[in-house]
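# Coordinates in review
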Amino acid sequence: MKKYLLATALVATCACAHTTSSDQTVFFESLLSLCQQGEAYSGRVVSTDEADAAFAEETLIAHFRSCAADEIRIPFHVGEDRSRTWVLTPTETGLRLKHDHRHEDGSEDTITQYGGDTGGEGSATRQEFPADQYSKDLFVQEGLNVSVSNVWAIEFDPDRDLFAYELRRPNRDFRVEFDLASPVASPPPPWGAE
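Calculation criteria
- Residues numbered from 1 in each chain as written.
- Predicted model: local features only at pLDDT ≥ 70, side-chain atom pairs only at ≥ 80, totals over all residues.
- Heavy atoms only, no water.
- Helix = DSSP H or I, 4+ residues; strand = E, 2+ residues; numbered from the N terminus.
- Polar contact = N/O pair within 3.5 Å; in protein donor to acceptor, adjacent residues only side chain to side chain.
- Contact = heavy atoms within 4.5 Å.
- Buried < 20%, exposed > 50% of the residue type's maximum accessible area, 1.4 Å probe, protein only.
- Phe/Tyr/Trp six-rings, centres within 6.5 Å; stacked < 30°, edge-to-face > 60°.
- pLDDT = per-residue confidence, 0-100.
- Pairing = 2+ DSSP bridges.
- Salt bridge = Lys/Arg side-chain N within 4 Å of Asp/Glu carboxyl O.

## Details of the side chain of Glu155
The topology assignment puts Glu155 in strand S9 (residues 151-157). Among the polar contacts listed, one links the side chain of Glu155 to the side chain of Arg175, at a separation of 3.1 Å. Non-local contacts of Glu155, meaning those with residues more than four positions away in its chain, are made with Phe27, Thr125, Arg126, Arg160, Leu162, Phe163, Ala164, Glu166 and Arg175.

## Quick look at the side chain of His77
In this fold, His77 is placed in strand S4 (residues 71-78). For His77, a relative accessible area of 4% corresponds to the buried category. Among the polar contacts listed, one links the side chain of His77 to the backbone oxygen of Pro188, at a separation of 3.5 Å. Beyond its immediate stretch of four places on either side in the chain, His77 contacts Thr59, Leu60, Ile61, Arg82, Pro187, Pro188, Pro189 and Pro190.

## Considerations on the packing of aromatic side chains
Scanning the model with the defined rule gives 13 aromatic pairs in all. A centroid spacing of 4.6 Å and a plane angle of 20 degrees characterise the contact between Phe76 and Trp86, whose relative ring orientation is stacked. Here the residue Phe76 occupies a position in strand S4, and Trp86 occupies one in strand S5 (residues 81-90), the gap between them amounting to 10 residues. In this structure, Phe76 and Trp86 share a single accessibility class: buried. Here Trp86 falls in the buried class, since its relative accessible area comes to 3%.

## Looking at the confidence of the model for the protein chain
Per-residue confidence for the protein chain averages 88 on the pLDDT scale, and 89% of its residues sit at or above 70. Overall, residues 1-18 carries pLDDT values under 50, and its contacts beyond four positions in sequence, including any with other chains, amount to 36 contacts.

## A few points about the pairing of S4
In terms of burial, S4 is a largely internal element, six of the eight residues being buried. Bridging between strand S2 (residues 60-63) and S4 involves three bridges; their strand directions are antiparallel. Within S4, the position partnered with Ile61 by the bridge is His77. Sheet analysis places strand S3 (residues 66-68) next to S4, joined by three bridges and oriented antiparallel. Within S4, the residue paired with Ser66 across the bridge is Arg73. Strand direction decides the pairing type here: S4 and S5, joined by six bridges, are antiparallel. Counted as the bridge partner of Phe76 is Arg84 from S5.

## Overview of the pattern of salt bridges
Taken as a whole and judged by the stated rule, the model has 19 salt bridges. Of the charged contacts, one joins Asp100 and Arg73 as a salt bridge, the two residues approaching to 2.7 Å between their closest N and O atoms. Of this pair, Asp100 sits in strand S6 (residues 95-101) while Arg73 sits in strand S4, and the two are 27 residues apart along the sequence. Take Asp100: its relative accessible area is 5%, and that puts it in the buried class. You can call Arg73 partly exposed: its relative accessible area is 23%. Of the charged contacts in the structure, one is a salt bridge between Asp173 and Arg168, with a shortest N-O distance of 3.4 Å. The class of Asp173 is partly exposed, set by a relative accessible area of 33%. Relative accessible area serves as the criterion here: at 41%, Arg168 is assigned to the partly exposed category. Residues joined in a network through salt bridges with shared partners are Arg126, Glu128, Glu155, Asp157, Arg160, Glu166, Arg168, Asp173, Arg175 and Glu177.

Here it is in structure tokens:
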């Protein structure tokens, strides 16, 4: 779709910044093009895990707020909670997803900066991120042993006007989908970014 086309200069800059597979490069550049618009989008939980019932009742917004050739930051607002930001960066071997969690005063939460690197080439519309060793160690340290098998996924399909975030592990399946066809008012910046 035309609204997702990326400026040639930005594509060239991004392509030189890392040596990912062609599908990973296309995926990252596509997100950059979406992020250039600075729009926010409402989402809804589409998985059926009972653990997410309260979460599903909140207003969910993904805000493509900050983009550069070496980092994309997407604050994820859950109702009035502005503590979460997804951070995507290219690496020498693929892509990395981290979760930046903050308190209202902007200080880092105890459980923050967890995530992982792409475990394979993925596709131009979907990338998966198994938990890295830092995250596994953090989860064990904080008594969240069940989370060591986490695999997160980001999906962006411009043909379907879809952006999605997933978390999967044994006995856990969480997915939220955002409608890119209908931007919403931009929310306040995430905690710590005022």
